[in-house]
Amino acid sequence: MNEPTEPRFHEPGGRWRTVAFGPVLCVVALVVELATGPVVHWVALPVIALVLSGFAYVMVVAARRHVSVELTAKTLRLGTEELPVEEIDAVLPAADPRALDPERWETARPLGELSNVPRGRTAVGLRLRGGALVRAWARDDERLRSELEALLAERTDPPCPNTP
């Protein structure tokens, strides 16, 4: 069985390589300026690269804090909210995109501190012990759903008897 700290599913929310996009773009602009014209913006391009990197850094830190997902054998963490796996009663079926009326879980509270499912993520309906409905979310919702279902199946399966 997996250790509680070993993630079964992980999405970081933001990638650090995003911070490098601004400086790379400025290097490309510098090469173009050197190759095509008499004016080279020696001061402006590094300043722009620093500004773009600074904004990207702030966005990546926020994404890694508020939009990351991690599932271990013991907890499901979405952003800064942690939900013990033992509180999950069932993983609900995926929503039908052609249905006229949404499922009840599609309007339930999303897990995490955000007011809705983050952009680019898809909701996974969960029923908690006590009957409450919530929405987990991930970019790879199918894998999150299958890992959650596997965890619940492991919890409900009786242990195998030892055979001689």
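Bear in mind that the values here come from a model prediction, so they are computed numbers and not experimental data.

This next bit is on the overall build of the protein. A tally of helices and strands in the protein yields 3 helices and 8 strands. Its helices and strands taken in sequence order, the protein reads β-α-α-β-β-β-β-β-β-β-α from the N to the C terminus. The C-alpha atoms of the protein give a radius of gyration of 22 Å, which is well past the 15 Å a tight globule of 164 residues would have. In terms of principal-axis extent, the alpha carbons of the protein reach across some 80 × 50 × 25 Å.

The subject of this paragraph is a positive patch on the surface. Taken together, the side chains of Arg15, Arg17, Arg64 and Arg139 define a basic patch exposed on the protein surface. Tracing the chain through its elements places Arg64 in helix α2 (residues 44-66). Residue Arg64 is classed as partly exposed on the basis of its relative accessible area of 32%.

A separate point is the pairing of strand β3 (residues 75-78). Bridge count for strand β2 (residues 69-71) against β3 is 3 bridges, and the pairing is antiparallel. Bridge pairing in β3 places Val69 opposite Leu78. Between β2 and β3, which pair antiparallel in sequence order, lie 3 residues. Here β3 runs beside strand β4 (residues 81-84); their pairing, made up of 4 bridges, is antiparallel. Paired with Thr75 across the bridge in β4 is Pro84. Taken together, β3 and the strand that follows it, β4, pair antiparallel across an intervening segment of 2 residues, in which Gly79 is found at a positive phi of about 65 degrees.

Moving on, we come to helix α1 (residues 21-36). Here α1 spans 22 Å end to end across 16 residues, near enough to the 22 Å set by a 1.5 Å rise per residue. Among all positions in α1, only Gly22, Cys26 and Glu33 are buried. With its buried residues spanning 30 degrees around the axis, α1 presents them on a single face. Away from its buried face, by an angle of more than 90 degrees, α1 presents the exposed residues Phe21, Val27 and Ala35. At its buried positions, α1 is contacted by α2.

Within this numbering scheme, the UniProt entry marks residues 18-36 and 42-63 as carrying the feature "transmembrane region" (unreviewed entry). Across residues 42-63, the secondary structure splits into 91% helix and 0% strand, with the terminal C-alpha atoms separated by 32 Å.

In space, the 4 strands of this open sheet follow the order β5-β7-β8-β6, with mixed pairing throughout. Pairing within the sheet leaves two strands with one partner each, and these edge strands are β5 (88-91) and β6 (109-110). In this sheet, strand β8 (residues 133-138) lies alongside strand β7 (residues 122-128) in antiparallel orientation, the contact comprising 6 bridges. Counterpart to Val124 in the pairing with β8 is Ala136.

Thresholds, definitions, all that
Residues numbered from 1 in each chain as written. Predicted model: local features only at pLDDT ≥ 70, side-chain atom pairs only at ≥ 80, totals over all residues. Heavy atoms only, no water. Helix = DSSP H or I, 4+ residues; strand = E, 2+ residues; numbered from the N terminus. Rg over C-alpha atoms; globule rule 2.2 N^0.38 Å. Patch = residues over 30% accessible without salt bridge, like charges linked within 9 Å, V, L, I, M, F, W, Y side chains within 5 Å. Areas by Shrake-Rupley, 256 points an atom, 1.4 Å probe, with all protein chains shown as cover. Salt bridge = Lys/Arg side-chain N within 4 Å of Asp/Glu carboxyl O. Lys, Arg positive; Asp, Glu negative; His and termini not counted. Charge placed at Lys NZ, Arg CZ, Asp CG, Glu CD. Buried < 20%, exposed > 50% of the residue type's maximum accessible area, 1.4 Å probe, protein only. Pairing = 2+ DSSP bridges. Expected span 1.5 Å × (residues − 1). Arc of directions from axis to C-beta. Contact = heavy atoms within 4.5 Å. UniProt positions renumbered as here; feature names shortened; annotations may be inferred.

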